[in-house]
Amino acid sequence: MGSTKVSDEMLSRTLASVHPITLPLQAYGPQPVEWFDPKRPVWAWVQWPNRAAERVEAWAMGANDRIVVLEVPCDGGHWQPVVWRNAVTVRRLG
């Protein structure tokens, strides 16, 4: 009979796969989102439902006067949370 205990590694993987919190459409305000081509490197404070907010390397995909649409790399892909504009700063590459 197999063990029903969760390994520390499996627990870490499960918690790391939890998506970040994203702002609702109502937070976007009346200004349209300007989409960036190419994406812009940024530092962003991202909130999580299961742990403290953290500053992460991300890419700004679009923004308006209130929000920024991010691309946040993760294992196996990326998330696309929307955060407040003041939670984002420019990141220098190189």
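Residues numbered from 1 in each chain as written. Predicted model: local features only at pLDDT ≥ 70, side-chain atom pairs only at ≥ 80, totals over all residues. Heavy atoms only, no water.

Overview of the overall build of the protein
Across its full length, the protein holds 1 helix and 6 strands. Considering only contacts in the protein between residues 6 or more positions apart, those separated by 24 or more positions represent 53%. By element, 56% of the accessible surface of the protein is carried by carbon and sulfur atoms, the whole surface being about 6900 Å². (Helix = DSSP H or I, 4+ residues; strand = E, 2+ residues; numbered from the N terminus. Contact = heavy atoms within 4.5 Å. Areas by Shrake-Rupley, 256 points an atom, 1.4 Å probe, with all protein chains shown as cover.)

Quick notes on the nonpolar core
Val46, Val68, Leu70, Val72 and Val88 are the most contacted members of the largest nonpolar core, which has 16 residues in total. Discounting chain neighbours no more than four positions away, the residues touching valine 46 are Pro20, Ala53, Glu54, Val56, Leu70 and Val72. Listed in part, the 6 residues of the second largest apolar core include Leu23, Tyr28, Val69 and Val82. (Core = buried A, V, L, I, M, F, W, Y, C linked by side-chain atoms within 4.5 Å. Buried < 20%, exposed > 50% of the residue type's maximum accessible area, 1.4 Å probe, protein only.)

A look at the environment of valine 33
Assignment of secondary structure puts valine 33 in the loop between helix H1 (8–16) and strand E1 (34–46). When near neighbours in sequence (up to four residues on either side) are disregarded, valine 33 contacts Tyr28, Gly62, Ala63, Asn64, Ile67 and Val69.

Comments concerning the pattern of salt bridges
Applying the stated criterion across every chain yields a total of 3 salt bridges. Among the salt bridges present, the one from glutamate 54 reaches arginine 51, with a minimum N-O distance of 3.2 Å. One salt bridge in this structure joins glutamate 57 and arginine 91, with 3.7 Å as the shortest N-O distance. With a gap of 34 residues between them, glutamate 57 in strand E2 (residues 54–63) and arginine 91 in the segment after strand E6 (88–90) connect regions that are remote in the sequence. Looking at glutamate 57, the relative accessible area reads 47%, which means it is partly exposed. (Salt bridge = Lys/Arg side-chain N within 4 Å of Asp/Glu carboxyl O.)

Quick look at the pairing of strand E3 (residues 67–74)
Here E3 lies mainly inside the structure; 6 of its 8 residues are buried. Connecting the antiparallel pair E2 and E3 is a turn made up of 3 residues. Looking at chain direction, E3 and strand E5 (residues 82–84) are connected through 3 bridges and run antiparallel. Paired with valine 69 across the bridge in E5 is valine 82. Between E3 and strand E4 (residues 77–79), which pair antiparallel one after the other, the connecting turn spans 2 residues, and glycine 76 there sits at a positive phi close to 80°. (Pairing = 2+ DSSP bridges.)

Examining the confidence of the model for the protein
When pLDDT is averaged along the protein, the result is 89; 84% of the residues meet or exceed 70. Confidence, expressed as mean pLDDT per element, reaches its minimum in the protein at H1 with 61 and its maximum at E5 with 98. (pLDDT = per-residue confidence, 0-100.)

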